[in-house]
Amino acid sequence: MVTSRWTAAPAQTASSRRRGAVLERAILEAALEQLGTVGWNGLTMEGVAARAQTGKAAVYRRWPSKEDLVADALQAGLPSPEEAPDLGSVREDLLELCRRVREAMYSQPGFALRSVLHECDVAQAERFHRVILGGVVEPTMHLLREVIDRGIERGEVRPDAANAYVFDAIPAMMMYRSKVCASEWSEQDLEEMIDQLMVPLLRQRPPDRPSCGHPGRPRREHPGRSGKPGCREGLRAA
């Protein structure tokens with residue numbers, strides 16, 4: 001279960017006036033809600049203040065700019081790191097980890113983060129680099145490393161699979177297909193990614209077998225032996 005670092009602030013009653021940490025939580029939560037509904041470009045300090053049911057001055061006293069406010073809102077709302085799943089096989093562990101990533105992506109902080117990534121220009125995005133790296137990228141990579149290292153210890157995964165390219169595969173694929181293909185990552189999508197991409201990528205390679213051909217004679221290649229057309233063959237067939 002994905003949990004944020006703080007819980008939603010209680011609703012304000014007519015007889016109570018929020019101060020300190022309670023008011024700050026309400027403002028940060030309002031900023032995340034606004035990012036999820038109107039996006040980065042539509043978010044204003046006035047809109048956040050209205051959503052938090054407080055004055056604009058209360059927001060500006062704590063955060064002098066929209067960038068400062070959103071950076072703190074993302075840092076407070078992003079899920080806390082959890083322990084890596086340990087379900088007995090690297091396939092099941094990766095599948096469970098992907099479910100957690102999906103849940104985080106479609107949570108309120110996840111929608112807010114994607115709004116920032118998709119709408120900010122390069123200079124603005126640089127302001128959030130530390131938040132994204134520390135709150136999303138590094139925790140995910142740490143969990144992936146644990147899962148893959150455990151698979152290596154069990155003999156399921158080849159020893160040289162613990163590298164940055166392998167660790168990038170799942171986050172890169174999930175972000176790409178969410179943004180470009182509008183994929184919502186159904187359970188079937190997750191299973192197919194693990195079974196068709198990650199398991200073949202990680203599995204132990206069979207030992208080399210000696211060639212059956214005559215010494216000194218090059219082996220003949222058989223195009224199309226896999227039975228599945230490549231990109232060019234598929235285009236020609238179409």
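Here goes a summary of the coordinates provided. Predicted model only: the values in this text are computed from it and were never measured.

**With respect to the packing of helix H8 (residues 129-154) against helix H9 (residues 164-180)**
Closest axis-to-axis distance for the H8/H9 pair is 10 Å, and the angle between their directions is 120°. One element, H8, and the other, H9, form an angle in the oblique class. Between H8 and H9 lies a crossing whose hand is right-handed. The segment H8 lies against H9, with Thr 140, Met 141, Leu 144, Arg 145 and Ile 148 engaging Val 166, Phe 167, Asp 168, Ile 170 and Pro 171.

**What about unusual backbone geometry?**
Phi is positive for Ala 182, which is not a glycine, with a value near 55°. On the secondary structure map, Ala 182 appears in the loop between H9 and helix H10 (187-202). Of note in the backbone geometry, Trp 185 takes a positive phi value of approximately 60° without being a glycine. Considering the arrangement of structural elements, one finds Trp 185 in the loop between H9 and H10. Here Trp 185 falls in the buried class, since its relative accessible area comes to 3%.

**So, the packing of helix H5 (residues 90-105) against H10**
Geometry of a packed helix pair, given as the angle between the helix axes and the separation of the axes. Axis separation between H5 and H10 bottoms out at 10 Å; the angle between their running directions is 135°. The pairing of H5 with H10 is recorded here as oblique in orientation. Judged by the sense of rotation from one axis to the other, the crossing of H5 with H10 is right-handed. Seen from H5, the contacting residues are Val 90, Arg 91, Leu 94, Leu 95, Cys 98, Arg 99 and Arg 102; seen from H10, they are Glu 187, Leu 190, Glu 191, Met 193, Ile 194, Asp 195, Met 198, Val 199 and Leu 202. Looking at side-chain class alone, the contact of H5 with H10 contains 10 nonpolar, no polar and 6 charged residues.

**A look at helix H4 (residues 66-77)**
Relative to the 16 Å expected for 12 residues at 1.5 Å per residue, H4 spans 16 Å between its end C-alpha atoms, a close match to the ideal helical length. Among all positions in H4, only Lys 66, Leu 69, Val 70, Ala 71, Ala 73, Leu 74, Ala 76 and Gly 77 are buried. Against the buried residues of H4 lie helix H1 (20-42), helix H2 (45-51), helix H3 (56-62), helix H6 (108-119), helix H7 (122-127) and H8.

**Brief notes about the packing of aromatic side chains**
A full pass over the atoms with the stated rule returns 2 aromatic pairs. A ring pair is formed by Trp 40 and Phe 128, whose centres lie 5.5 Å apart and whose planes are at 80°; its orientation type is edge-to-face. Taken as a pair, Trp 40 in helix H1 and Phe 128 in the loop between H7 and H8 lie far apart in primary sequence, 88 residues in all. A single burial state applies to Trp 40 and to Phe 128, both of which are buried. Measuring from ring centre to ring centre gives 5.8 Å for Tyr 106 and Phe 111, while their planes differ by 75°; the resulting arrangement is edge-to-face. Given the relative accessible area of 27%, Tyr 106 is considered partly exposed. Seen from the ring of Trp 40, Lys 66 lies directly overhead, with NZ or CZ sitting 4.3 Å from the centre.

Criteria and cut-off values
Residues numbered from 1 in each chain as written. Predicted model: local features only at pLDDT ≥ 70, side-chain atom pairs only at ≥ 80, totals over all residues. Heavy atoms only, no water. Axes fitted to C-alpha atoms, helices over the stretch in contact; angles between N-to-C directions. Helix = DSSP H or I, 4+ residues; strand = E, 2+ residues; numbered from the N terminus. Parallel < 35°, antiparallel > 145°, perpendicular 65-115°, else oblique. Left-handed = near helix turned anticlockwise from the far one by under 90°. Contact = heavy atoms within 4.5 Å. Buried < 20%, exposed > 50% of the residue type's maximum accessible area, 1.4 Å probe, protein only. Nonpolar A, V, L, I, M, F, W, Y, C, P; charged D, E, K, R; others polar. Expected span 1.5 Å × (residues − 1). Phe/Tyr/Trp six-rings, centres within 6.5 Å; stacked < 30°, edge-to-face > 60°. Lys NZ or Arg CZ within 6 Å of the ring centre and 35° of its normal.

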